[in-house]
Protein chains: 2
Amino acid sequence: MTAVPRRRDAAATRRLLLEAARRRFARNGYAATTVRDIADEAGVNVALINRYFASKEGLFEACLRGVGTELGDAVEGVDQVPRIIARQLSGQHTREHPNQLLLLLRSSGDTRAEEIRLGILRTFAERLAAAGGCPDADDACVLRAQVLLSAALGLALLRSTTTMEPLGSADENALLPPLQDLFDALLPGR
Amino acid sequence: MTAVPRRRDAAATRRLLLEAARRRFARNGYAATTVRDIADEAGVNVALINRYFASKEGLFEACLRGVGTELGDAVEGVDQVPRIIARQLSGQHTREHPNQLLLLLRSSGDTRAEEIRLGILRTFAERLAAAGGCPDADDACVLRAQVLLSAALGLALLRSTTTMEPLGSADENALLPPLQDLFDALLPGR
DNA sequence: ACCGCAAGTCAACGATGGTTTACATCACAT
DNA sequence: ATGTGATGTAAACCATCGTTGACTTGCGGT
């Protein structure tokens, strides 16, 4: 049970690679991240990336799928999506643990990865719309939810790539009021 | 006067390179853009990038400075910044003419470029705060302006890198109401 | 007409990217 | 204990990247 640490554990190193890749891709984007960076941060040989994920793009797709499932699992009730976003945004994201939502803004050229990314964004926006009391599939209302999602992601991105004060070091208490206003303004159903 | 087209015109090719670079950098980001891509799109030899801009980073800095001056010139009265953002966002940005605001989200590793980018973002946020009726340098109020700026940039980014409907092909008429609500919610002074 | 310099071309360089191949080593079943 | 397949390592491959230097071509003044 206590998982005797093996010197060679495929699942473990696969996980190490995935975690390192998610950090790197989220912080620096796809193109600016090298497979050697990821391997070094994971403390693992470079060639294993191709063994376990077939390619750099394959690894990136795996990262996206990870964010998708985490986001899906995190939502039990459909109307707590705004809180999740607020948590995500105002959570303390150090340089070692960047906001994983950033992966949804990171674009590789790969078609399959783009499809995954778009899929996650769409379902997330749909849940937002539902949480906002949207009459089903009303275009104007879905649009508002997508605008809200864009705002949240832009906030995450700007907070991670710049040091603009007071935004850069604003904690949850400081961030919550404007976020609340933003939600209320774009999801009038709540 | 009528600018007889010269076969060799340093200023003209410099401008061609700058325009091509701004399109490429805005659409694909810094790392994913190749100097040969830029040169080809400009119909110009690759080596001229280094001649006129010293390096790829130098070219990127020049692009940022261009956005800075354009943004500065566009603002005559200080309280029309929201309208400018709305125009920028809802303007038709084809694949050939992406939104130049995206450059403010594109990060190279270069220190000087990052300083320029941060400077533009800060002054832009300050103008937003002033337009929002901010008591000078009130942190909470400046923060709201920066949140608004983040939202606008995130919107521009998501609209350009994904095909999420109805956001992707929303025109000015569709985009204006949620944008207006966003402004009103974050800049209560207006 | 011709000369000098600016403008543009061409080809290569060294570095680094993702990927692959051949090899070494460990874990586990028999 | 031993052989076998899974796991990890080392090194190289090849394409492409940004950059540079030597060269050619055209423009403008004299």
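Keep in mind it's a predicted model, so treat the numbers as computed, not measured.

## Remarks on the UniProt feature "DNA-binding region" (unreviewed entry) in chain A
Moving on, step 1. With numbering matched to this structure, UniProt assigns "DNA-binding region" (unreviewed entry) to residues 34-53 of chain A.
Moving on, step 2. Structurally, residues 34-53 of chain A is divided into 75% helix and 0% strand, and its ends, taken at the C-alpha atoms, are 15 Å apart.

## Here we look at the protein's contact with DNA strand C
Moving on, step 1. Taken together, 22 residues lie near DNA strand C, and R8 and K56 of chain A together with R8, R51 and Y52 of chain B sit nearest.
Moving on, step 2. A distance of 2.5 Å is found between a base oxygen of DNA strand C and a side-chain nitrogen or oxygen belonging to R8 of chain A.
Moving on, step 3. For DNA strand C, a base nitrogen lies 2.9 Å from a polar atom in the side chain of R36 of chain A.
Moving on, step 4. Where the surface near DNA strand C is concerned, the elements lending two or more residues are α2 (35-42) and α3 (47-53) of chain A together with α1 (10-28) and α3 (47-53) of chain B.
Moving on, step 5. Broken down by element, the residue count for the surface near DNA strand C peaks at 4 residues, all from α3 of chain B.
Moving on, step 6. Split into classes, the residues belonging to the surface near DNA strand C amount to 7 nonpolar, 6 polar and 9 charged.

## Observations concerning the interface of chain B and chain A
Moving on, step 1. Listed by partner, the interface residues are 37 residues for chain B and 37 residues for chain A.
Moving on, step 2. Overall, the association of chain B and chain A removes approximately 3100 Å² of surface from exposure, summing both partners, and the carbon and sulfur fraction of that is 75%.
Moving on, step 3. For the pair chain B and chain A, the interface holds 2 salt bridges.
Moving on, step 4. Across the chain B-chain A interface, the total number found is 8 residue pairs in polar contact (both at pLDDT 80 or more).
Moving on, step 5. Secondary-structure elements contributing two or more residues to the side of chain B that touches chain A are α6 (111-131), α7 (139-161) and α8 (172-186) of chain B.
Moving on, step 6. Ranked by the residues each element gives to the side of chain B that touches chain A, the list is headed by α7 of chain B, at 14 residues.
Moving on, step 7. Per-class residue counts for the side of chain B that touches chain A are 24 nonpolar, 6 polar and 7 charged.

## Looking at the pattern of salt bridges
Residue and element names in this part refer to chain A.
Moving on, step 1. Overall, the coordinates contain 16 salt bridges over all chains when judged by the stated rule.
Moving on, step 2. Between E61 and R65 there is a salt bridge; the shortest N-O distance is 3.5 Å. Of the two residues, E61 and R65 are both situated in helix α4 (residues 56-74); the distance of 4 residues between them amounts to about one turn of the helix.
Moving on, step 3. Here E61 falls in the buried class, since its relative accessible area comes to 8%.
Moving on, step 4. Given a relative accessible area of 44%, R65 falls into the partly exposed group.
Moving on, step 5. Each of R23, R24 and E41 takes part in salt bridges that share partners, so that together they form one network.

## Considerations on the protein's contact with DNA strand D
Moving on, step 1. Neighbouring residues of DNA strand D: 22 residues in total, closest R8, R51 and Y52 of chain A together with R8 and K56 of chain B.
Moving on, step 2. Counting only the atoms of DNA strand D within 4 Å of the protein, the fraction contributed by sugar and phosphate is 57%.
Moving on, step 3. Contacts to DNA strand D include R36 of chain B, whose side-chain N or O atom sits 2.9 Å from a base nitrogen.
Moving on, step 4. Broken down by secondary-structure element, the contributors of at least two residues to the surface near DNA strand D are α1 (10-28) and α3 of chain A together with α2 (35-42) and α3 of chain B.
Moving on, step 5. For the surface near DNA strand D, the class distribution of residues is 7 nonpolar, 6 polar and 9 charged.

## A look at the relation of the copies chain B and chain A
Moving on, step 1. For these two chains of identical sequence, chain B goes onto chain A by a turn of 180 degrees and a shift of 0.0 Å along the axis, with RMSD 0.1 Å. One copy is carried onto the other by what is essentially a two-fold rotation axis.
Moving on, step 2. Taken together, the interface assignments show that 100% of the residues at the interface of chain B recur at the interface of chain A, consistent with an identical surface on both copies.

## Re the UniProt feature "domain: HTH tetR-type" (unreviewed entry) in chain A
Moving on, step 1. The UniProt record marks residues 11-71 of chain A with the feature "domain: HTH tetR-type" (unreviewed entry), using the residue numbering of this structure.
Moving on, step 2. Counting secondary structure, residues 11-71 of chain A comes out at 80% helix and 0% strand; the distance between its end C-alpha atoms is 22 Å.

## With respect to the packing of aromatic side chains
Moving on, step 1. Evaluated as defined, the whole model comprises 6 aromatic pairs over all chains.
Moving on, step 2. Centroid distance F25 of chain A to F60 of chain A: 5.1 Å. Interplanar angle 85 degrees. Geometry classified as edge-to-face. One end of the pair, F25 of chain A, is in helix α1; the other, F60 of chain A, is in helix α4, with 35 residues separating them in the sequence. Judged on exposure class, the residue F25 of chain A and its partner F60 of chain A are both buried.
Moving on, step 3. Ring pairs connect the aromatic residues F25, Y30 and F60 of chain A, which therefore count as one cluster.
Moving on, step 4. Over the ring of Y30 of chain B we find K56 of chain B, and its NZ or CZ is 4.3 Å from the ring centre.

Rules used in this analysis
- Residues numbered from 1 in each chain as written.
- Chains lettered and ligands numbered in written order.
- Predicted model: local features only at pLDDT ≥ 70, side-chain atom pairs only at ≥ 80, totals over all residues.
- Heavy atoms only, no water.
- UniProt positions renumbered as here; feature names shortened; annotations may be inferred.
- Helix = DSSP H or I, 4+ residues; strand = E, 2+ residues; numbered from the N terminus.
- Near = heavy atom within 4 Å.
- Polar contact = N/O pair within 3.5 Å; in protein donor to acceptor, adjacent residues only side chain to side chain.
- Nonpolar A, V, L, I, M, F, W, Y, C, P; charged D, E, K, R; others polar.
- Contact = heavy atoms within 4.5 Å.
- Buried area = accessible area lost by both parts, 1.4 Å probe.
- Salt bridge = Lys/Arg side-chain N within 4 Å of Asp/Glu carboxyl O.
- Buried < 20%, exposed > 50% of the residue type's maximum accessible area, 1.4 Å probe, protein only.
- Least-squares fit on C-alpha atoms with pLDDT ≥ 70 in both.
- Phe/Tyr/Trp six-rings, centres within 6.5 Å; stacked < 30°, edge-to-face > 60°.
- Lys NZ or Arg CZ within 6 Å of the ring centre and 35° of its normal.

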